[in-house]
Each structure stands twice: as C-alpha cells, then as structure tokens.
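# Structure at a glance
What follows is each chain in one-letter form.
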Amino acid sequence: MTTDLWMLVATALLCLSNPIVYAIGRFSTPGGYAWAVGNRDKALPNVPAWTARAVQAHQNMIENITAFAVLVLVAHVSGKANETTALGATIFFYARIAYLAIYTAGIPYLRTAAWATAWAGGAMILVQLFN
C-alpha cells in the first residue's frame, strides 16, 4: 500500500478516535455517564471548555476528511500518486493531529496555522492531479 493510502487510513482512525478525547471530558463531569448513555434531551451542564473545543475539532475533521479522501483516492486511481502526494498526505495527517491537540488546548492562532498546514497538504495532492 502507498504512503498516501496509509495516511488516509491513519486519518480515518484519527477521526474515529477523536471522540475519545471529548468523552473523557464528558465522563469526568458529574452526571456525564448517565447523560452519555441516556437520551441526551438536555445539554450536559458544567462540561469543561476544552471538551466543547474537542467536539468542534472533531466536527472540523469530519468536514475535511471527505475532501482529503477524494484527493488521495483520485490520485491513486489515476496513477498520479507520487512522492509529492505522499508528502502532502503525510503533512495533512500530522497537521490534523496537531489541530486536534491545539484546538482542544484552546490556542487560537496556532490552531489556524495547523488547519492551514493540513489544507496545504491537500493542495499538494490536488496540484499533482493536474500534472
């Protein structure tokens, strides 16, 4: 399997594991376990702010993983995958790890830089599709 495809799998696993981060915050909140297994009719009160940020980081990952997957898969199927697409996919993956950590920690400008870095990794793949 190519580096591009491995990075896609790793990104999917990261996306699937993101909820673990905010589950920790929810379960550590009084009543959090009952809320998690219940109907969630009401918001869970007194959740730490970092928990909500982790949820937002996960939502952003969900918004971005589809485009990333399309780019990687089209590059692979079209025979355009190369060292540049592998680097772009790797940059995307590690920038998304940084994004989750930075967003959860609440560091605004660095968060935007991590997002832009991931975007640049995707753009590296996109450019190769036109070569």
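Counting restarts for each chain: residues are numbered from 1 in the order of the written sequence. Since the coordinates come from a predicted model, pLDDT governs what is reported: local features require at least 70, and pairs of side-chain atoms require 80 or more to be given and counted, while whole-chain, interface and lining totals use all residues. Water and hydrogen atoms play no part in the side-chain values, which are based on all heavy atoms of the structure.

## Considerations on helix α5 (residues 108-129)
The periodicity of an α-helix, 3.6 residues per turn, causes residues three or four places apart in sequence to face the same way. Basically, it comes down to this: Elements are defined by DSSP. Helices are runs of H or I of four residues or more, strands are runs of E of two residues or more, and each kind is numbered from the N terminus. In this scheme, a helix's expected span is set at 1.5 Å multiplied by one less than its residue total. With a 1.4 Å probe rolled over the protein chains alone, any residue whose accessible area is under 20% of its type maximum counts as buried; one over 50% counts as exposed, and the rest are partly exposed. In this description, the arc belongs to the directions extending from the helix axis to the C-beta atoms. A contact between two residues is defined here by any heavy atoms of the two lying within 4.5 Å.
Under the 1.5 Å per step criterion, the end-to-end length of α5 is 32 Å for 22 residues, consistent within 8% with the ideal 32 Å. Listed as buried for α5 are A114, A118, G121, G122, I125 and Q128. Looking straight down α5, one finds its buried side chains confined to an arc of 125°; they lie on one side. Of the residues in α5, the exposed ones pointing more than 90 degrees away from the buried face are Y109 and W119. In the core, the buried residues of α5 are packed alongside α3 (49-77) and α4 (83-105).

## A closer look at α3
Taking 1.5 Å of rise per residue, 29 residues should cover 42 Å, and α3 covers 42 Å from first to last C-alpha, within 8% of that figure. Just downstream of α3, G79 is the residue with a positive phi angle, here 80°.

## Some words on the layout of surface pockets
If you roll a probe as big as a water molecule over the atoms, it shows you where there is empty space left. Note the cut-off: A cavity here means a set of points on a 1 Å grid, drawn over the protein atoms and nothing else, where a 1.4 Å probe fits but cannot get out; a pocket is an open set with protein on both sides within 12 Å along at least five of seven lines, and a residue lines either one if it has an atom within 4 Å of a point. Grid points are joined across faces, edges and corners, and a volume is the space filled by probe spheres set on the points. Residue type decides the class: Asp, Glu, Lys and Arg count as charged, Ala, Val, Leu, Ile, Met, Phe, Trp, Tyr, Cys and Pro as nonpolar, and the leftover types, Gly among them, as polar.
In this structure, the largest pocket spans a volume of roughly 160 Å³. Every residue lining the largest pocket is listed: N64, A67, F68, L71, F92, R96, W115, A118, W119, G122, A123 and L126. Elements supplying a minimum of two residues to the lining of the largest pocket: α3, α4 and α5. Among the elements that line the lining of the largest pocket, the one with the most residues is α5, at 6 residues. Residue composition of the lining of the largest pocket, grouped by class: 9 nonpolar, 2 polar and 1 charged.

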